Amino acid sequence: MRPRVVALAACLLVACNQSGTESDQPLVVSTDEPSELERAAIEAGVIPDVRNVSLSGAFERQSDLGEDRFCAVGNDEAGYQIGLLAVFGPDSKCEGLGAARRLGEDVEIILDSEQRCGFTASFDGVSLRFPGNLPETCASYCTPRAVLDGVSFYLVGEGDAVARSTRGREIDSLCPSG
């Protein structure tokens, strides 16, 4: 084997137990308190303290295919109303409305304006990332050849007022008031 292949195999075995099968133990243990390195980065202003950042706001992601948008109105205690638009070209998109509940860096999302689609996204205070394998019911929010799997958005404005200005294609206001 070439040295790089051997090194890659060794790295993969570190993520698995010695028999080469996936370990039952998570590689990263999530706690409410940040690690020493995370605390230093938070104090230096390099990363936000996700415990003190609200999901309420407008999120976007720009690409050659268009502008993806996500918005959330509400708070961690009462939950959030959400809306999203993921663009895959002029005639290809995913768009829907629903609700979310935040638990630390996990965001439980339920889209319910079409078929019920539920999943857990991750939020680090800056970006919101959908998992790469969503339930089949999530396809009801998309035109053919468009998917929500693996979509990500970046926080561009905080607060309910900014979120309420987020526009969709077929849904005029993705986060309407009340």
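Note that the coordinates shown come from a computational prediction; the quantities given were computed from them, not determined experimentally.

Colleague: I'd like to hear about the sheet that holds strand β3 (residues 79–87), residue by residue, with values.
Modeller: If you trace the 8 strands once around the closed barrel, you get β1-β2-β3-β4-β5-β6-β7-β8, paired in antiparallel fashion. Neighbour-to-neighbour, the strand axes of the sheet open up by a mean angle of 30°, direction not taken into account. For strand β6 (residues 117–123) and strand β7 (residues 127–129), the ladder comprises 2 bridges, and the chain directions are antiparallel. Within β7, the position partnered with S122 by the bridge is R129.

Colleague: With reference to specific residues and values, describe the packing of aromatic side chains.
Modeller: Here the structure, examined in full by the defined rule, presents 6 aromatic pairs. One aromatic cluster in this structure is built from F59, F70, F119, F123, F130 and F153.

Colleague: Now, about the pairing of β6: what can you tell me, with residues and values included?
Modeller: The side-chain alternation of β6 yields one buried face, formed by C117, F119, A121 and F123, and one unburied face, formed by G118, T120 and S122. Counting the residues in the hairpin turn of strand β5 (residues 106–111) and β6 gives 5 residues. Counted between consecutive antiparallel strands, the loop separating β6 from β7 contains 3 residues, among which G125 sits at a positive phi close to 95°.

Colleague: How would you explain the environment of R145 if you had to name every residue and give the values?
Modeller: Locating R145 in the fold gives a position in the loop between β7 and β8 (152–158). C-alpha separation for the pair R145 and K93, spaced 52 residues apart in sequence, amounts to 8.5 Å.

Colleague: Which residues make up the pattern of salt bridges, and what are the values?
Modeller: Taken as a whole and judged by the stated rule, the model has 5 salt bridges. The partner of E67 in a salt bridge is R69, with the nearest N and O atoms 2.7 Å apart. Across the salt bridge formed by E95 and K93, the nearest N and O atoms sit 3.5 Å from each other. You'll find E95 and K93 in the same group, each marked buried. Linked by salt bridges that have partners in common, K93, E95 and E170 make up one network.

Colleague: How would you sum up the state of the cysteines? Please name residues and give values.
Modeller: On inspection of all chains with the given rule, the structure shows 3 disulfides. With its sulfur 2.0 Å from that of its partner, C94 forms a disulfide with C142. The sign of the S-S torsion, about 110°, decides the handedness of the disulfide formed by C94 and C142: right-handed. Taken together, the positions of C94 in strand β4 (residues 93–103) and C142 in the loop between β7 and β8 put the pair 48 residues apart, joining distant regions of the chain. We classify C142 as buried; its relative accessible area is 14%. Through a disulfide, C117 is tied to C138; the S-S separation comes to 1.8 Å.

Thresholds, definitions, all that
Residues numbered from 1 in each chain as written. Predicted model: local features only at pLDDT ≥ 70, side-chain atom pairs only at ≥ 80, totals over all residues. Heavy atoms only, no water. Pairing = 2+ DSSP bridges. Helix = DSSP H or I, 4+ residues; strand = E, 2+ residues; numbered from the N terminus. Axes fitted to C-alpha atoms, helices over the stretch in contact; angles between N-to-C directions. Phe/Tyr/Trp six-rings, centres within 6.5 Å; stacked < 30°, edge-to-face > 60°. Buried < 20%, exposed > 50% of the residue type's maximum accessible area, 1.4 Å probe, protein only. Salt bridge = Lys/Arg side-chain N within 4 Å of Asp/Glu carboxyl O. Disulfide = S-S within 2.5 Å.

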